[in-house]
Amino acid sequence: MTDENDHQDVQRVVLVTGPSGAGRSTAIHVLEDLGYEAIDNLPLSLVPRLLDGPALGRPIALGIDVRNRDFTAGSLIEGIDRMTRMPEVDCEVLYLDCRAEELLRRYGETRRRHPMAPDEEPGTGIAREVDLLAPVRARADVLIDTSDLSPHDLKAELARWFDTGQQARLTVGVHSFSYKRGVPRGLDIMFDCRFLSNPHWEPALRPLDGRAPEVAAFVAADPRFAPFFDKVLDLLLMVLPAHVEEGKAHLTIGLGCTGGQHRSVAMAEKLSAALAQSGWQVSKRHRELERRADSGAGQPTVEVGKA
């Protein structure tokens, strides 16, 4: 019991560094998805303030690179030594390494200027940075060579070393919309519901929306609805775990119809409930109903559901 309490009082800190282009930004995002409080390019002089106080409820990942306004290899090593001597801090250095020729190839693909040689060839900056970081590399607790790693491979390697068991779950967004107003940005998967029977042509149903039981029942009565819904749900239940394995944190599903009021809303309501029932974290949004709410014709419809 004492050991567990002592562990809770210790703040875990992972310093993420390495030459530009080796994957530091990717690593920061991965650690954030793994449950870390991620802070990129915090000035070294502010790190003691960050650690002043009780431990947070989760570990911290700090991205450090040569663009930091007060960066020197000496100051970073001095900071590492200081944190190592602090009993309330568990400090680890993650160094992302990469072969110089691979870094040069990556800079050639992006055509970015190297931060240590903005007016010279990238190779010059790469050589300078590698030399500058050599003492830090020697102090690394975990060294990962990304030369031959894909982003997916790097995510898997980082998870192997730094998984806290608090990885953020995949959040699934289910959005209804009107094709007349255009397809929303950021959709990952989209389904067209315009082939279903349209409640708009029923005078009693026209002023209602797909959340109303009468409208939902009308749409569900179309003999094509049930097989369509079942196939969409089966497809999503098959692909969602694969997106989790790829490290994706968010997936947005769009359901469209002509006006975005009846068919797509009814489908989105039923689909989001089924996904939540299957254990997925689901957020639900009806874009056109929100437009009506903003104009005073109704209430906003942004909801979050969990199984």
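## Points about the packing of helix 4 (residues 73-84) against helix 6 (residues 122-138)
The packing of two helices is summarised by the inter-axis angle and the distance between the axes.
Okay, so step 1: Where helix 4 meets helix 6, the closest approach of the two axes is 9 Å, and the angle between their N-to-C directions is 15°. The angle between the axes of helix 4 and helix 6 places the two elements in the roughly parallel class. By crossing handedness, the relation of helix 4 to helix 6 is classed as right-handed. Across the interface between the two elements, Ala73, Leu76 and Ile77 from helix 4 touch Leu132, Pro135 and Val136 from helix 6.

## Comments concerning the layout of surface pockets
Okay, so step 1: Here the largest pocket is characterised by a volume of approximately 440 Å³.
Okay, so step 2: Lining the largest pocket are 23 residues, with Gly21, Ala22, Gly23, Arg24 and Arg106 positioned closest to its centre.
Okay, so step 3: Elements with a minimum of two residues in the lining of the largest pocket: helix 2 (24-33), helix 5 (100-110) and helix 7 (151-162).
Okay, so step 4: Ranked by residue count, the leading element in the lining of the largest pocket is helix 5, at six residues.
Okay, so step 5: Of the residues contributing to the lining of the largest pocket, the split by class is seven nonpolar, nine polar and seven charged.

## Considering the nonpolar core
Okay, so step 1: Counting 30 residues, the largest nonpolar core has Leu271 and Leu275 as its most contacted members.
Okay, so step 2: Going through the elements one at a time, strand 6 (171-178), strand 7 (189-192), helix 8 (213-220), helix 9 (225-245), strand 8 (250-257) and helix 10 (263-277) are the ones with two or more residues in this core.
Okay, so step 3: If you look at the next biggest cluster of nonpolar residues, it comprises 22 residues, including Leu44, Ala73, Val89 and Cys91.

## Observations regarding the environment of Leu94
Okay, so step 1: On the secondary structure map, Leu94 appears in strand 4 (residues 89-97).
Okay, so step 2: In this structure the C-alpha to C-alpha distance between Leu94 and Gly18, which are 76 residues apart in sequence, comes to 8.2 Å.
Okay, so step 3: Non-local contacts of Leu94, meaning those with residues more than four positions away in its chain, are made with Val14, Leu15, Val16, Thr17, Val142, Ile144, Leu158 and Phe162.

## As for the confidence of the model for the protein chain
Okay, so step 1: Across the protein chain, the average pLDDT comes to 85, with 89% of residues at 70 or higher.
Okay, so step 2: Within the model, pLDDT remains below 50 along residues 1-6, and this stretch shows zero contacts once partners closer than five positions in the same chain are excluded.
Okay, so step 3: Across residues 297-307, where pLDDT falls below 50, the model places 32 contacts with residues more than four positions away in sequence or in other chains.

## Notes on helix 7
Okay, so step 1: Between its terminal C-alpha atoms helix 7 stretches 16 Å, which fits the 16 Å expected from 12 residues at 1.5 Å a residue.
Okay, so step 2: Along helix 7, the residues classified as buried are Leu154, Leu158 and Phe162. For helix 7, the angular spread of buried residues about the axis comes to 45°, placing them on one side.
Okay, so step 3: Next to the buried residues of helix 7 lie strand 1 (11-17), helix 2, strand 4 and strand 5 (142-145).

About the cut-offs
Residues numbered from 1 in each chain as written. Predicted model: local features only at pLDDT ≥ 70, side-chain atom pairs only at ≥ 80, totals over all residues. Heavy atoms only, no water. Axes fitted to C-alpha atoms, helices over the stretch in contact; angles between N-to-C directions. Helix = DSSP H or I, 4+ residues; strand = E, 2+ residues; numbered from the N terminus. Parallel < 35°, antiparallel > 145°, perpendicular 65-115°, else oblique. Left-handed = near helix turned anticlockwise from the far one by under 90°. Contact = heavy atoms within 4.5 Å. 1 Å grid on protein atoms, 1.4 Å probe; cavity = no way out; pocket = protein on both sides within 12 Å on 5 of 7 lines; lining within 4 Å. Points joined across faces, edges and corners; volume = space filled by probe spheres on them. Nonpolar A, V, L, I, M, F, W, Y, C, P; charged D, E, K, R; others polar. Core = buried A, V, L, I, M, F, W, Y, C linked by side-chain atoms within 4.5 Å. Buried < 20%, exposed > 50% of the residue type's maximum accessible area, 1.4 Å probe, protein only. pLDDT = per-residue confidence, 0-100. Expected span 1.5 Å × (residues − 1). Arc of directions from axis to C-beta.

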